[in-house]
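# Architecture and fold: a report
Here are the chains, one letter per residue:
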Amino acid sequence: ENTFDIAVIGGDGIGPEVVAEARKVLDAALASESAEFTYTEYSLGAEHWLTTGETLTEETLQALRGHDAILFGAVGADPLDTRVPSGIIERELLLGLRFNLDHCVNLRPTRSYPGVVSPLRGVDEANPIDFLVVREGTEGPYAGNGGLLRRGTDAEIATEVSVNTAYGVRRVVEDAFHRAQARDKHLTLVHKNNVLTYSGDLWTRTTAAVAESFPEVRWDYLHVDAATIHMVSNPQRFDVIVTDNLFGDILTDLAPAITGGIGLAASASINTAGTAPSMFEPVHGSAPDIAGKAIADPTAAVLSAVLMLDHLGLGDAAARVETAVHAQLNQWAQDGASGLSTSQRGDAFVARLNR
Ligand code: NAD
Ligand code: IPM
Ligand code: MN
């Protein structure tokens, strides 16, 4: 029997609520497989910081390294909660995990679902949206130094540096080409090389150079501002998008907004070298506005668990869960799901899986 050792970080707000449903679905999916998951829960996040003063200790990081994968909910406080300084949880914990575990590829798939209404015209089963954002995960403005001089004066200066290394750009671009090769063979580089000329040049040259090893993949380029137009007016033009950490963050909140909502958006933070566990997390955050009400949509967490199953080589289980989720979303699109609680949604996925 194949046993996988999974770390679980529920986090804050709706994080633990949606992760509980993902685990329910995972257990149901594995019941008919010769694989078993053991789970170890880690208490981390804003609440944990408020009680312990710790974001991510070296000890916790070491313990996490020993797992096969990390199932992650969401972390972060209500932006209006003045007890928690802005950015401390995000930078020290979430980015601390992505950077230390070298999650260089942040995969964020987007697709339209049969029956689920997109706010866009012209999206239907015959003309679906289906693209994958390959977001760089360890560099860009997220990783650079910054500074604040003369705070609070009229002469204040704030800087944020974007870090782009040849190594970092090349590995994410190569990964994206491989994925495009396995999909519809179309890659779009998104950047802002008309203004960010230093990093833009590095990204553009790297993409052109890597493209030579992938003659079957057609590639093109869009400035990020124009990419937002295309994403709304003609999202079917995209297959794989490769982009920097910050542009990728923004585009992948827009992407689910055109297909069915942030509650459906899954992601995987991948260590492509296999030197540390990868992490599977919804795109959304802790949603303080709906936390504790048992109304959060667990679909994004469940679909992130699907990415985890795939990553662990459990492709059959992944496909079964994905099919069940799609069928259930379609059913809800007919019947309406507005009154359903978070756990009722999880139960419905499980029931669908067991049919
Ligand atoms: P958010 O994603 O938490 O919420 C944005 C909006 O989407 C809210 O109206 C929320 O109710 C809604 N929403 C999000 N997930 C939903 C779900 N599953 N079902 C239904 N509705 C959902 O973003 P925010 O409000 O900008 O951030 C809140 C906190 O989360 C902040 O502290 C932020 O730093 C943190 N954050 C964490 C992560 C993460 O852990 N990966 C990601 C984004 C934001
Ligand atoms: C995300 C989040 C994070 C990011 C924040 C909370 C650090 O918005 O996962 O999309 O910007 O990457
Ligand atoms: Mn984001």
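Residues numbered from 1 in each chain as written. Chains lettered and ligands numbered in written order. Predicted model: local features only at pLDDT ≥ 70, side-chain atom pairs only at ≥ 80, totals over all residues.

## Here we look at the domain arrangement of the protein chain
The condition that has to hold: What fixes the domain bounds is an automatic or database domain assignment. It is the C-beta atoms, placed from the backbone, that decide contacts: two residues are in contact if theirs lie within 7 Å. Helix and strand definitions follow DSSP, with helices as H or I runs of at least four residues and strands as E runs of at least two, each counted in order from the N terminus.
Each assigned domain of the protein chain is listed with its residue range as follows: domain 1 (1-104 + 271-355) and domain 2 (107-261). Computed from C-alpha coordinates alone, the two centres of domain 1 and domain 2 are separated by 23 Å. Opposite the 14 residues of domain 1 that make contact, domain 2 presents 19 residues. Going through the elements one at a time, α4 (88-100) and α10 (315-335) are the ones with two or more residues in the side of domain 1 that touches domain 2.

## Things to note about the site of ligand 1
Just so we agree on the cut-off: Using a C-beta atom placed from the backbone for every residue, we mark a residue as near a molecule or strand if that atom lies within 6 Å of it. Note on residue categories: nonpolar means Ala, Val, Leu, Ile, Met, Phe, Trp, Tyr, Cys or Pro, charged means Asp, Glu, Lys or Arg, and polar means any other residue, Gly included.
Near ligand 1 there are 22 residues, and of these Gly76, Gly263, His284, Gly285 and Asp297 occur at the shortest range. Listed by contribution, the elements that provide at least two residues to the shell around ligand 1 are α1 (14-30) and α4. Residues that form the shell around ligand 1 fall into these classes: 13 nonpolar, 5 polar and 4 charged.

## With respect to the UniProt feature "domain: Isopropylmalate dehydrogenase-like" (unreviewed entry) in the protein chain
What counts is decided by this rule: UniProt positions are given in the numbering used here, feature names are shortened, and annotations may be inferred rather than shown by experiment.
Mapped onto this structure's residue numbering, the UniProt feature "domain: Isopropylmalate dehydrogenase-like" (unreviewed entry) falls at residues 5-349. Annotated as residues 5-349, this span is 41% helix and 20% strand, and its ends, taken at the C-alpha atoms, are 23 Å apart.

## Here we look at the environment of Ser278
Along the chain, Ser278 falls in strand β12 (residues 278-282). Each C-alpha atom of the pair Ser278 and Leu101 lies 7.5 Å from the other, and the pair is 177 residues apart in sequence. Apart from the residues within four sequence positions on either side, Ser278 is in contact with Ala69, His103, Ala268, Ser269, Ile270, Asn271 and His311.

## Some remarks on the site of ligand 2
All residues in the neighbourhood of ligand 2 are listed as Gly76, Glu90, Leu94, Leu95, Asp249, Val283 and Gly285. It is α4 that contributes the most residues to the shell around ligand 2, 3 residues altogether. Counted by class, the shell around ligand 2 contains 3 nonpolar, 2 polar and 2 charged residues.

## Quick look at helix α8 (residues 245-257)
At 3.6 residues per turn, the α-helix brings residues three or four places apart onto the same side. Rules: Under the convention used throughout, the expected extent of a helix is 1.5 Å for every residue step, that is, one less than its residue count. Partly exposed residues are those whose C-beta has more than 12 but fewer than 20 other C-beta atoms within 10 Å; with 20 or more the residue is buried, with 12 or fewer it is exposed, and the C-beta atoms are placed from the backbone.
Over its 13 residues, α8 runs 19 Å from end to end, which matches the ideal 18 Å to within 8%, given 1.5 Å per residue. Taken together, the buried positions of α8 are occupied by Asn245, Phe247, Gly248, Leu251, Thr252, Ala255 and Pro256. Structurally, α8 contributes buried residues whose contacts are with β4 (105-111), β5 (130-136), β8 (186-191), α7 (224-233) and β10 (240-243).

## Observations regarding the sheet that holds strand β1 (residues 2-11)
How we decide: Should DSSP find at least two bridges between two strands, the strands are taken to pair. Where helices are involved, their axes are fitted lines through C-alpha atoms of the stretch in contact, as for all axes, and angles between N-to-C directions lie from 0 to 180°.
Ordered in space as β2-β1-β3-β12-β11-β4-β5-β10-β8-β9, the 10 strands form an open sheet in which the pairing is mixed. Two strands in the sheet have a free side with no partner beyond their single neighbour: β2 (35-41) and β9 (218-223). Direction aside, the axes of adjacent strands within the sheet are offset by 25° on average. Of the pairings in the sheet, the one linking β5 to β10 comprises 4 bridges and is parallel in character. Of the residues in β10, the one forming a bridge with Val133 is Ile241. Strands in contact with helix α6 (residues 197-211) are β8 and β9; relative to β8, the strand with the most contacts, it is inclined by about 165°. Lying on the sheet, α7 is in contact with β8 and β9; it crosses β9 at an angle near 110°.

## With respect to the nonpolar core
Selection rule: Throughout this description, the term nonpolar core refers to a group of buried Ala, Val, Leu, Ile, Met, Phe, Trp, Tyr and Cys residues whose C-beta atoms join them within 7 Å.
Of all hydrophobic cores here, the largest spans 91 residues; its most connected members are Val25, Leu71, Val134, Phe280, Val302, Ala305 and Val321. Of all the elements, helix α9 (residues 299-311) adds the most residues to this core, at 9 residues. Two domains share this core, each providing at least three of its residues, namely domain 1 (1-104 + 271-355) and domain 2 (107-261). Apart from the residues lying within four places of it in its own chain, the contact partners of Leu71 are Ile6, Val8, Val19, Ala22, Phe280, Ala305 and Met308.

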